[in-house]
Each structure stands twice: as C-alpha cells, then as structure tokens.
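One letter stands for each residue in the lines below.
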Amino acid sequence: MLLENSGFFSSEPVQTALIVGTCAALVSAVIGVFTILRGNAFAGHALADVSSAGGAASFLLGINPLLGFLGMAWIAAFGMEFLGVRKVRERDLATGIVLGAGLGLSALFLYLDVTTTSTTGAAVSVMFGSMFAIPQSLIGPALVASAGVFLLVGLLYRPMMLTAVDPDLAAARGISLRWIGLLQLLALGLAVAVCALAIGAVLATALLIGPAGAAIRLSRRPAQAIFWAMAIGLTAVWGSIWMAYESYYWFSGNAWPVSFFVVTLVFLFYLTAVLVAKVMGLSARQKPVIWPHCEA
Amino acid sequence: MSDPVLSVAHLSVDLGGRSILRNVSFDLYPGQLCALIGENGAGKTTLLRSLLGLTAHRSGQALIDGAPADQRRALVGYVPQKIAFDPDVPLRTRDLVQLGLDGHRLGLPLFLGRKKALVDQALHAVWAEAFADQRVGELSGGQQQRAVIAHALVRQPRLLILDEPLANLDFGSANALVTLLGTLTRTQQIAVLVTAHDMNPLLPVMDRLVYLVGGQAATGSVEEVVQPDVLSKLYGYPVTVLRHGRRILVLPDAVAEDAETCTASHVPHPEKAD
C-alpha cells in the first residue's frame, strides 16, 4: 500500500539507511545493556560526543567517516581508562575532562570544515546524522564494525556480566577488571562509531542508552534485556526511516531528519517501559520470604 | 585428621611501605568454621585478599590445599562485604548463582543441562529456592547475602570466605545467617572463614578463632585465645575478659575495673554496644 506507492524499498538511500540503521540498533542493544549495568552511561555519552571530532576530521582529511568516528572514540576510551575509571567519582571526572577536550577538537575541525572546504552540511551531518545521505560504500565497514562488537561481547559475555554485577565478585574469580573494562570500552567505541554514522555523534547516545535502559526495566534476565533492547532499537530505527521518508509527503516536500524520529521514538519507548514496569510492579520489592527454620 | 584446607604460616604483608600483617599463622581443616575477629584496620581485609591471591605477601606463605592461593582460586568461594545490587539489574538469583559457576569463562552461556542441577543444589543449600526466580535487586539484605553465598558455593569450593557478612543485617537475619553457616560447614564438610568485628554472634558455631590486633594474630579455640594474658600481650596493654552467660566482652583494664563490679553485683550490663 503506502510503501509500494512511494517506492520505499526500491530507493537506494533507503536501503543503505535500513542496513546501517539495523546495524546501529543491534550493536547498541548488545553493548548498551552492559554499559548501563556497569554504570557507564555517561562514558558512553561522552565517547559518542567526542567521536564527533573524528567525524569532523574525516571530512577535512577526506577519509572514511566511520574510521574517523571510531578512531576518536577509541582515543577517548583509552584516555578515560588511562586517567582512571576505577572509582565512580574518578570515572566521571576523567570522562568529563576527556569530553571537554574532545569537543574542543570537534569545534576546531568543524570550523575548518566549513572554512577550508565547502561542505556546509558537515556540521549537521556529523553532529545529528543524515541517514539518507550515507554512501553505499560505508555499508561494508559498518557491517565489519558491528561484527566486531558481536565478537567481543560474545566472547566476554560472562566475565563482563559478572564485572557489571559486582566487581569484587569478578576480581575474586581472577577476572582482570582492567582488561574487561578496556575491552568493553573498545566494543563501546565500535558501537558508537556505527551509531554516530547513522544518527550523528550527539544523538548516538539516544540509541546506545535508550533501548537498553527501557529493556532493563522490563526484563528479569540479561539475555531477555538484550532481546528487548534489540526489538525496541529496531522498531525505533525502522519506524523512523519510514516516517522520515513519508514525511516528504506529509510536509509538502520538506522531509524531516531520520535522527529526530529515532530519538523521539526511543524516548517514547523509554517512557512506556517505565510506566509498564511500574504497573506490572517489576521493580517493586516483593513480600519478604520467611526463613524456613524460623517457621519450624 | 585430614590435611588442612588452608594453611597460613608466618604470613607478613606490606602495603605501600607499611606493615599490615606480621607473622600470622593458622590452619583450617574441612568441616571447621573459623572466625577472623578484629577492629577496623586490624588487617582482616588484607588477610582475606592474600588468601584470594589478590595481594602479594612479603614473607611466609598462605597455602590452599597445599598450593599458593593464586593457583587455587577454583577451590575458594568468596562473599564480599557490602553487597547491594541495583534494583534494576536484570538478573535473577538463579542467574547470579550460575555466574558463580561459569562467570570467568569466555563465550556465551549456551549449554545448561548439568549446570541447572548444580545451581538448584546451591540454591537449596542456602534456603533460597523461594526467591530463585526473583531479581537480585528486589531481595532483602539477608536474601542478597544468601544469594551471593550460593554464588560462592555452586562451584563446590573447599574454602568459603565471607567478609563481614553480619554487618548491615538485623538481629534476626544475622542469627539465621550464623545458623546457615554452621549448617553449611557441617553438611558440606567445607572450611569456612568469617570476618567480624564482634565474635559474639558467631560463638555458637565457631570452631576456631583468629584474633587480629594491629596486624598480629592470636589463634586457637575460643578458650585458648580469649584469655586476659593472651590478649593483653596482643594488644600491648592489659585487658580484661568478661564473660556473661554465653557472651564475651574484651575491655581495656581502666574501663573494665568499673565493669567488674557490675558483673560482681549481677547487674545485667555486659552487652557489647556494637
């Protein structure tokens, strides 16, 4: 019906957007759950913001923007790890400092983009994404980066989970908190790059944290949380691509950006999840269980 | 008697140039519960960390089943201090226990057949079946403690170490936990090491005592260790040991002189205000 008439699936930019968007939704679901459990949401947000410097630099140097986002996200990840991420307060401090420095670079590179090249759209594209403008040549790199996230998380699933649940328990099992933390940040960097490519560096947080945050409230098991995060992320991304495409007709030739729809849908899903969790009493404390030997 | 599970001999540990533990020695056998008693800063946590192979020692040795602690992690179950799970963590009690079995392994947790039986067994051992499918963040403090004990037990360790398990528990939960620890020690024939500020709650189940003061230890049975001469030597100043029913109170002498008249006149006073 609507889709067939408007040539939705036959459009090349739509196909590219669907593939890259699907990658972004899946990887952010997988890594997002661990990021939130470890209390690392702020670090995830910072990595995404800082990656904008890499995206801006890639316009300047004429290199693959995915590499730009990824390079800067990894540099930031190493910076945070190096400055200290052990205690929560130190971690926030290190994250904030790296975030400030990174955004400074971003300001410089975007300024140079606009002044030395004639890419006036660079700033919007880097910061807020332009999904229908992603070149087809980036599909391959996006798939490789996504596979990297799945590989890392698949390999480290259990140690990462135990570390997220309680670092002391993990350390007692001989798990190196330092290595797990670093590898998790590397996987997060990969996910950030894919998300930044899809919906922009600044808005990437929404996809990284939102679906996972909503899913965690609805789930009792880790695998269940990842499943729901994927479902929410995919629904938001696919729905947004369709709405943005259709919005061309809704607003008489002025299509709204995909990123706006993604962020809005994710927000609505999160609100719904909070309400559902409240109504179903998922987060509420159950009645206490009496000790068996006390009853005797 | 069989070989000791844990054998600590002349163990000394320095941290940042400061001497934290000096010449600590004790053995622990299967089926024994040992209390590690000391105030804040006495070196309890440092001793535990050496037994977990997380802190290097300057001299002496800590052997678990005859080998250095860092080679015997699989034989040690550990319950850390201050357990507080976030209410939103999507993890059931049963999942936490399963992470005790395979949390250090790489790859995805796919084949659960035999593991489920082990997990159920550990849940049963700590009387946690009733909340096995609840999220750990929804449990009470005492229940979370038992969930973590099951997490530590599921690999069938020979030595179970608990760091201040009675802190933050109300009297009822604390008593129940002590009963549970006594039962586990006997039925599973494991060695259990429990740290605490106050020895009194553990007296009914305690087989041995390591009394730490300023990094030095007196070890043995309660009768051997909690004696005025032994403890005075350890503290470096005279102390008095008061016994009231099944309660024990250790006091520096200046305070104890007044307290002694209290017990002499049978004033029901000596409950340690801790």
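These numbers were taken from a predicted model, which means no experiment stands behind them.

So, the overall build of chain B
What chain B contains, in helices and strands, is eight helices and 12 strands. Relative to the compact-globule value of 19 Å for 274 residues, chain B shows a C-alpha radius of gyration of 20 Å, a close match. Each principal axis of the C-alpha distribution contributes one length, and for chain B these read about 65 × 45 × 40 Å. Expressed as a percentage of the 274 residues in chain B, the buried residues total 41%.

Observations regarding the pairing of strand β12 (residues 247-252) of chain B
All names here are of chain B. Sheet analysis places strand β11 (residues 239-244) next to β12, joined by six bridges and oriented antiparallel. Among the inter-strand pairings, Arg 243 is bridged to a residue of β12, identified as Ile 248. With antiparallel pairing between neighbouring strands as the criterion, β11 and β12 make up a hairpin whose turn holds two residues, including Gly 245 at a positive phi of roughly 60 degrees.

Comments concerning the sheet that holds strand β10 (residues 216-220) of chain B
Residues and elements named next belong to chain B. Taking strand neighbours across the sheet as the criterion, the six strands line up as β6-β7-β8-β3-β9-β10 in an open arrangement whose pairing is mixed. Each having just a single partner strand, β6 (76-79) and β10 make up the two edges of the open sheet. With direction set aside, neighbouring strand axes in the sheet form an average angle of 15 degrees. Bridge analysis of strand β3 (residues 33-37) against strand β8 (residues 191-196) gives five bridges, and the strand direction is parallel. When the sheet's bridge partners are listed, Leu 33 is paired in β8 with Val 192. Contacting β6 and β7 (159-162), helix α4 (residues 141-153) runs over the sheet at an angle of about 165 degrees to β6. Lying over the sheet, helix α5 (residues 171-188) contacts β3 and β8, oriented at roughly 155 degrees with respect to β8.

Remarks on the nonpolar core
Residue and element names in this part refer to chain A. Ranked by internal contacts, the top residues of the largest apolar core, which has 181 residues, are Val 33, Val 192, Val 194 and Cys 195. Of the residues forming this core, the biggest block, 15 residues, is contributed by helix α2 (residues 12-37). Beyond its immediate stretch of four places on either side in the chain, Cys 195 contacts Ala 24, Ser 28, Ala 48, Ala 204, Leu 207 and Leu 208.

A short note on the sheet that holds strand β2 (residues 18-28) of chain B
Residue and element names in this part refer to chain B. Taking strand neighbours across the sheet as the criterion, the four strands line up as β2-β1-β4-β5 in an open arrangement whose pairing is antiparallel. At either end of the open sheet lies a strand with only one pairing partner, and these are β2 and β5 (67-68). Bridge analysis of strand β1 (residues 6-15) against β2 gives seven bridges, and the strand direction is antiparallel. When the sheet's bridge partners are listed, Leu 6 is paired in β2 with Leu 28.

The rules behind the values
- Residues numbered from 1 in each chain as written.
- Chains lettered and ligands numbered in written order.
- Predicted model: local features only at pLDDT ≥ 70, side-chain atom pairs only at ≥ 80, totals over all residues.
- Helix = DSSP H or I, 4+ residues; strand = E, 2+ residues; numbered from the N terminus.
- Rg over C-alpha atoms; globule rule 2.2 N^0.38 Å.
- Buried ≥ 20, exposed ≤ 12 C-beta atoms within 10 Å, placed from the backbone.
- Pairing = 2+ DSSP bridges.
- Axes fitted to C-alpha atoms, helices over the stretch in contact; angles between N-to-C directions.
- Contact = placed C-beta atoms within 7 Å.
- Core = buried A, V, L, I, M, F, W, Y, C linked by C-beta atoms within 7 Å.

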